[in-house]
Amino acid sequence: MSKTQKDIKPPRIGIYLLRKIYDRKIYDEISGDLQEIFLERVETKNRLLASSQYLLDVLLSARNYNLRRKKTYHTSSTAMIKNYLKITLRTIAKNKVYSALNILGLSLGIAAFIFILQYVSYENSYDKFHSNHRNLYRVMFKTYQDGQLRINCAAAVPRVGSFMKEKMPEVIDFARAYPLSGVMKKDDIKFREERIHIADPALIQIFDYPLLHGDSKTALNEPNQVVIAEEIARKYFGRTEVVGEPIIFNSWLDLDLIITGVAANVPDNSHFKFDFLISYETLNNFTRNDDGSVPSEESWGWYDYNTYVLLKEGANPQEFDKKFDQILVEERGEIFEESGRIQKFPLQPITDIHLYSNLLQESEPEEQGDGQAVLFLSIVAFFILIIAWINYINLSTARSVERAKEVGVRKTMGAYRKQLVNQFLTEALVINFISLVLGLVIVILGIRYFNQLTGSVLSINFLLNANFWLIAIGVFLAGSTLSGLYPAFVLSSFKPSSVLKGKFSGNHTGIILRKGLVVFQFAASVSLIAGTIIVSQQLSHMKNVKLGFNLANTLVIRGPQVFGADSLFASTFEAFRNDLLRNSEIESVTTSSNVPGNEIFWTNGIKRDEESADRRRTIYIAGVDYEYFPTYDIELLAGRNYGKSFSTDTGAVILNNAAVRFLDYESPEDAINKKVTFWGQPKTIVGVVDDYKQMSAKSEVAPIVFPLVPDASNFFTLKLKTNNFQEAFSAAQTSYDRFFPGNPFDYFVLDSFFNRLYDNEQQFSSVFTLFAAFAIVVACLGLFGLSSFSALQRTKEIGIRKALGAKMSGIMFILTKEFLQLILIANLIAWPVIYLIMDGWLNNFATRISIGITVFLFAGLLVVVIAILTVGYKTFVTAKSNPIHALRYE
Amino acid sequence: MKGTNLGEFEELVLLTVASLGTEAYAVSVKSSIAEHANRIVNISAIHSSLYRLEDKGFLTSEFGGATSKRGGKQKRYFRITNTGLVALQQSKDLKQQLWKTIPQLSFQLV
């Protein structure tokens with residue numbers, strides 16, 4: 001019996017835990033009690049049960065942890081934490097200026113970081129609200145001729161979507177959207193609408209565009225159905241439950257539509273935006289030919305159809321592209337050979353569209369973001385944060401002299417090194433925490449101004465976002481550790497004996513590190529300043545570059561969509577023009593299919609007359625009347641403008657210089673009187689105009705042909721004699737309402753219309769400027785603190801120098817010199833780096849500035865001036881001080 | 001100190017120790033409570049009460065014999081102190097007084 005009892009022991013882990021739980025003094029008796037119960041259970045029940053119950057007893061014993069325990073370590077560590085906090089607060093209160101510099105710098109850094117984080121995450125959030133976003137792709141359209149990419153377009157052809165679905169098993173569904181604009185009319189409420197798309201039923205099924213009223217499964221199935229956005233319903237009807245209501249659409253097609261759905265407004269972060277979706281069958285009915293063919297389903301040529309496909313989970317788009325290329329060649333290889341043109345339809349993930357796409361016919365070209373710029377900003381955000389942390393490290397190590405005595409006394413009194421490290425880490429934690437809170441306050445108060453400045457739509461809702469808090473806490477902890485660890489170990493390493501004897505001399509590696517960090521800070525500041533200057537120079541360069549036309553004092557009215565008979569248009573317009581010209585403010589009036597700044601979608605084939613049909617190239621078309629070129633002040637490089645005196649001008653065309661090169665003529669003069677085949681007819685080139693910037697200076701000028709279309713009624717341009725828009729505007733409105741009744745008077749000032757193309761760069765520039773300023777302020781705060789300490793440390797030296805007759809200017813020079821050296825090194829590092837980065841960025845633009853040395857000199861000089869001003873105050877005070885005080889300070 | 005008030009479980013433990021006389025240690029208290037009050041109590045709860053009652057001065061303790069059943073560990077025997085008895089008495093008196101004040105009527109209702 002006794003033998004078995006000895007063998008049977010409670011589980012070892014239980015004994016181990018029990019020993020941890022109970023104090024040594026009572027452990028024996030208690031473990032005896034538990035063992036007694038255990039053995040009893042073994043006898044009455046079985047061993048397994050007894051063991052598990054023993055473990056349960058042990059676990060429940062955890063509540064007795066404090067029983068009879070001498071309160072030693074546990075309470076002492078809370079007491080120490082209290083002490084750390086107390087000392088921290090005292091240190092902060094004692095060195096108000098330095099604490100304020102530290103906290104201000106850190107909170108500015110954190111605020112800048114949060115701002116940029118929000119901005120960047122908003123830019124990255126585009127199209128991610130679709131639950132299918134991982135598997136949704138846009139079908140791009142590329143045409144190659146002679147091995148060269150001729151068309152690189154965001155919108156594809158009608159047939160490709162359905163063809164993909166038939167041939168490729170990966171495709172679950174496809175949807176097309178064909179953009180158009182026109183006048184929508186409900187009784188006498190009518191507006192010109194831009195965001196109208198003719199769309200497949202699948203569009204509201206594969207994308208997350210939920211319907212508030214109506215059924216997404218049937219809303220776009222039948223002809224003449226329309227789904228409208230919520231705000232549109234309010235605009236026309238004053239309510240949202242409008243399913244079943246009629247609405248009339250006037251454009252190049254006139255439609256009586258029935259509203260079958262009201263969709264929630266499209267979120268801002270969607271690359272594709274609509275106010276109206278008209279069912280695709282409507283278009284099919286319109287294009288259906290007598291022989292039953294439907295080009296809007298079958299055409300491989302019209303590239304106006306934004307086409308999206310939803311692939312099966314896990315499908316690889318690259319492999320898809322390869323496979324589809326082959327299938328397409330099988331289907332259409334002969335046609336490719338005949339025409340000498342190869343089409344490709346690669347897929348593009350929809351989440352890449354906003355930031356990484358710059359194709360023809362983007363859905364919202366003005367809104368397209370710039371992935372590179374966003375990446376830049378993310379880097380800048382980290383830089384600012386790092387600069388702020390460096391400030392902390394610099395200031396705390398610089399203060400090591402002052403705190404060396406404290407460390408010595410503490411160590412003598414028996415402080416462990418670990419406790420000192422804890423002390424300094426606590427200080428870092430507290431200061432970082434205060435800064436985080438302050439930074440958040442700055443963000444919350446400043447977000448409105450930030451939005452105004454940058455034209456972004458950030459809100460403080462991010463405070464409710466769990467991810468944001470994860471990042472914030474991560475930044476806080478990383479910052480506290482990074483900025484606290486080094487000073488903590490340096491400060492705690494002092495030997496009490498030497499420190500208390502006053503033998504302390506500046507730690508050499510510490511000085512080098514500090515200098516290195518200052519160099520880094522200022523290199524970052526110089527880079528940001530130079531970057532800012534280059535961005536804004538490029539921006540103003542683009543705005544001031546010779547546009548090739550005059551956009552001043554120009555008012556543009558959108559042409560009428562509602563007009564009785566086309567044949568009457570020309571004479572009505574003539575009467576309208578004459579009526580306007582009677583007004584002394586108006587210099588000239590022209591009508592055209594496009595105006596500068598308005599993307600041309602109209603294309604057709606063109607070739608030199610002598611070439612074979614397979615050499616037909618796609619060219620952009622802008623229909624103009626006789627007055628177009630004079631009104632816009634567009635220079636004729638060769639030949640002449642259209643003239644009413646030339647009765648043969650219906651057989652004439654005018655090209656721009658890019659088109660001359662496109663058709664491989666040697667020069668503008670060479671092209672004059674040559675014949676081309678255009679619209680299936682031979683035409684004579686009578687004039688070549690300058691390459692005016694149709695679409696801003698960002699992009700290359702496309703080849704354009706300007707046929708004479710005197711009844712092109714899309715835009716009426718009014719050139720004013722002065723900038724008295726008010727008078728011309730009211731005259732134009734009266735006259736427009738008289739000649740084109742039933743049409744909304746919809747106008748814009750060309751200057752602002754054209755300059756909206758630069759909104760993105762403008763925004764980038766202001767964001768960049770703002771954060772460069774942030775970075776410089778933060779770096780200067782650090783420099784101010786550092787120079788003050790340096791001056792303080794050298795009080796005695798300066799006293800002696802002054803006593804020996806040094807001049808004030810000389811002393812100031814000595815004090816400033818060491819910082820200037822650092823800034824010089826910083827400049828030398830920053831210049832090549834910034835040159836390489838900005839040169840890469842500038843290469844994105846069709847017209848770009850070259851980076852001159854002046855930019856760098858200016859940025860460097862600016863930093864030097866700021867640094868001297870920052871350092872100057874303290875050095876001035878020190879240099880001016882009476883040497884008696886300096887020498888008596890011991 | 002809030003000390004002199006007895007919790008319900010503490011009172012039960014105290015009474016049990018008193019009734020066990022010289023044989024009161026954690027395991028015997030546990031089984032006695034199981035027997036008389038029909039309550040299965042975890043040993044850790046007994047420990048926590050016993051030591052706390054000793055801290056309050058209601059119990060006193062001494063070491064007693066070790067058995068092989070206990071792995072050679074000694075027992076701690078608890079005995080009730082005078083203060084402990086007084087506290088029990090007070091608690092009983094208080095309850096009795098309160099019992100007397102209950103109106104006759106409600107007895108009949110039960």
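Residues numbered from 1 in each chain as written. Chains lettered and ligands numbered in written order. Predicted model: local features only at pLDDT ≥ 70, side-chain atom pairs only at ≥ 80, totals over all residues.

Asker: In this structure, what is going on with the overall build of chain A? I would like to understand it.
Answerer: Across its full length, chain A carries 30 helices and 24 strands. Looking at chain A as a whole, 41% of its 890 residues qualify as buried. Contacts in chain A between residues far apart in sequence, at least 24 positions, make up 80% of those at least 6 positions apart. (Helix = DSSP H or I, 4+ residues; strand = E, 2+ residues; numbered from the N terminus. Buried ≥ 20, exposed ≤ 12 C-beta atoms within 10 Å, placed from the backbone. Contact = placed C-beta atoms within 7 Å.)

Asker: Is there a simple way to think about the overall build of chain B in this case?
Answerer: The number of helices and strands found in chain B is five helices and two strands. Helices and strands in chain B line up, N terminus first, as α-α-α-β-β-α-α. Burial status across chain B gives 31% buried among its 110 residues. Considering only residue pairs separated by 6 or more positions, chain B has 48% of its internal contacts joining residues 24 or more positions apart.

Asker: What exactly am I supposed to notice about the packing of helix 6 (residues 96-124) of chain A against helix 14 (residues 371-398) of chain A here?
Answerer: Each pair of packed helices can be described by the angle between their axes along with the distance between the axes. All names here are of chain A. Across the interface, helix 6 lies against helix 14 with an axial gap of 9 Å and an inter-helix angle of 165 degrees. The pairing of helix 6 with helix 14 is recorded here as roughly antiparallel in orientation. As helix 6 runs across helix 14, the sense of the crossing is left-handed. Of the residues in the contact of helix 6 with helix 14, the class split is 20 nonpolar, five polar and one charged. (Axes fitted to C-alpha atoms, helices over the stretch in contact; angles between N-to-C directions. Parallel < 35°, antiparallel > 145°, perpendicular 65-115°, else oblique. Left-handed = near helix turned anticlockwise from the far one by under 90°. Nonpolar A, V, L, I, M, F, W, Y, C, P; charged D, E, K, R; others polar.)

Asker: Any chance you could explain unusual backbone geometry here in plain terms?
Answerer: Phi is mostly negative for residues that are not glycine, and the peptide bonds are mostly trans. Residue and element names in this part refer to chain A. At Asp633, a residue that is not glycine, the phi angle is positive and equals roughly 65 degrees. Positive phi outside glycine occurs at Trp679, with the angle close to 55 degrees. For Trp679, the location among the structural elements is in the loop between strand 20 (675-678) and strand 21 (681-689). Residue Trp679 is classed as exposed on the basis of its C-beta count, with 12 C-beta atoms lying within 10 Å.

Asker: Help me out: how do you make sense of the pairing of strand 7 (residues 225-229) of chain A in this one?
Answerer: Two faces belong to every sheet, and in a regular strand the side chains alternate between them. Residue and element names in this part refer to chain A. Taken across its five residues, strand 7 has five buried, putting it largely inside the fold. Of the two faces of strand 7, both are covered, the one formed by Gln225, Val227 and Ala229 as well as the one formed by Val226 and Ile228. Of the pairings in the sheet, the one linking strand 7 to strand 9 (residues 254-263) comprises five bridges and is parallel in character. Within strand 9, the position partnered with Ile228 by the bridge is Val262. (Pairing = 2+ DSSP bridges.)

Asker: Can you walk me through the interface of chain A and chain B in this structure?
Answerer: The parts lose accessible area when they come together, and the size of an interface is often stated as this lost area. Taken together, the contact pairs 20 residues of chain A with 16 residues of chain B. Counting only elements with at least two residues in the side of chain A that touches chain B, the list comes to helix 1 (2-7), helix 3 (24-44) and helix 4 (47-61) of chain A. At 11 residues, helix 3 of chain A tops the list of elements feeding residues into the side of chain A that touches chain B. Here the residues of the side of chain A that touches chain B are counted per class, giving six nonpolar, seven polar and seven charged.

Asker: Teacher, can you tell me more about helix 4 (residues 82-101) of chain B here?
Answerer: It helps to recall that an α-helix has 3.6 residues per turn; residues three or four apart then point in one direction. With 20 residues, helix 4 of chain B extends 29 Å between its outermost C-alpha atoms, agreeing within 8% with the 28 Å of an ideal straight helix rising 1.5 Å per residue. Within helix 4 of chain B, only two of the 20 residues are buried, leaving the element largely exposed. (Expected span 1.5 Å × (residues − 1).)

Asker: I'm lost on the sheet that holds strand 2 (residues 141-145) of chain A in this one. Help?
Answerer: Note on sheets: strands pair through backbone hydrogen bonds, and any given pair is parallel or antiparallel. Residues and elements named next belong to chain A. Spatially, three strands are ordered 3-2-12 in an open sheet, and the strand pairing comes out antiparallel. Each of the sheet's edge strands pairs with one partner strand only, and the pair in question is strand 3 (148-153) and strand 12 (341-344). Averaged over all pairs of adjacent strands, the angle between strand axes in this sheet comes to 20 degrees, irrespective of strand direction.

Asker: What should I look at first to understand the environment of Lys817 of chain A in this one?
Answerer: All names here are of chain A. Locating Lys817 in the fold gives a position in helix 28 (residues 808-842). Note on Lys817: 10 C-beta atoms within 10 Å, which makes it exposed. It is 9.6 Å that separates the C-alpha atoms of Lys817 and Ile868, two residues lying 51 residues apart in sequence.

Asker: Looking at this model, I keep getting lost on the sheet that holds strand 24 (residues 747-749) of chain A. Mind explaining?
Answerer: All names here are of chain A. Sheet architecture is open: four strands sit in the order 15-23-14-24, paired in antiparallel fashion. The sheet is open, and its two borders are formed by strand 15 (586-592) and strand 24, each paired with just one other strand. Ignoring strand direction, the axes of neighbouring strands in this sheet form an average angle of 20 degrees. Those strands touched by helix 20 (residues 569-581) are strand 15 and strand 23 (715-720), and its axis lies near 160 degrees from that of strand 15. Packed on one face of the sheet, helix 24 (residues 725-739) meets strand 14 (554-558), strand 15, strand 23 and strand 24 and runs near 25 degrees to strand 14.

Asker: How should the confidence of the model for chain B be read in this particular structure?
Answerer: Note that predicted coordinates carrying low pLDDT should not be read in detail. When pLDDT is averaged across chain B, the result is 86; 90% of the residues are at 70 or more. Overall fold confidence for the complex sits at a pTM of 0.70, while the interface term, ipTM, reaches 0.88. (pLDDT = per-residue confidence, 0-100.)

Asker: Would you mind going over the nonpolar core with me for this structure?
Answerer: Looking at soluble globular proteins, one finds that nonpolar side chains tend to be buried together. Residues and elements named next belong to chain A. Ile384 and Ala775 are the most contacted members of the largest nonpolar core, which totals 92 residues. The element that contributes the greatest number of residues to this core is helix 14, accounting for 18 residues. Setting aside residues up to four positions removed in sequence, Ala775 forms contacts with Phe383, Ile384, Ile387, Ala524, Ser525 and Leu528. The next biggest cluster of nonpolar side chains, apart from the first, holds 64 residues, and it includes Leu136, Phe163, Leu347 and Leu360. (Core = buried A, V, L, I, M, F, W, Y, C linked by C-beta atoms within 7 Å.)

Asker: How do you make sense of the environment of Pro496 of chain A when you look at a structure like this?
Answerer: Residues and elements named next belong to chain A. Of note, Pro496 is situated in helix 18 (residues 496-500). On the neighbour-count criterion, Pro496 (17 C-beta atoms within 10 Å) is partly exposed. Sequence separation between Pro496 and Thr412 is 84 residues; the distance between their C-alpha atoms is 6.6 Å. Leave out the neighbours within four places in its chain, and Pro496 touches Gly408, Lys411 and Thr412.

Asker: For this particular structure, what's the right way to read helix 4 of chain A?
Answerer: Look at helix 4 of chain A: 21 Å from first C-alpha to last across 15 residues, which is about the 21 Å you get at 1.5 Å a residue. Listing the buried residues of helix 4 of chain A in full gives Ala50, Tyr54, Asp57, Val58 and Ser61 of chain A. On an axial view of helix 4 of chain A, the arc spanned by its buried residues comes to 100 degrees, and they lie on one face. Of the exposed residues in helix 4 of chain A, those oriented more than 90 degrees away from the buried face are Leu48 and Leu49 of chain A. Turning to helix 4 of chain A, the residues buried within the fold contact helix 2 (12-21) and helix 3 of chain A together with helix 3 (43-56) of chain B. (Arc of directions from axis to C-beta.)

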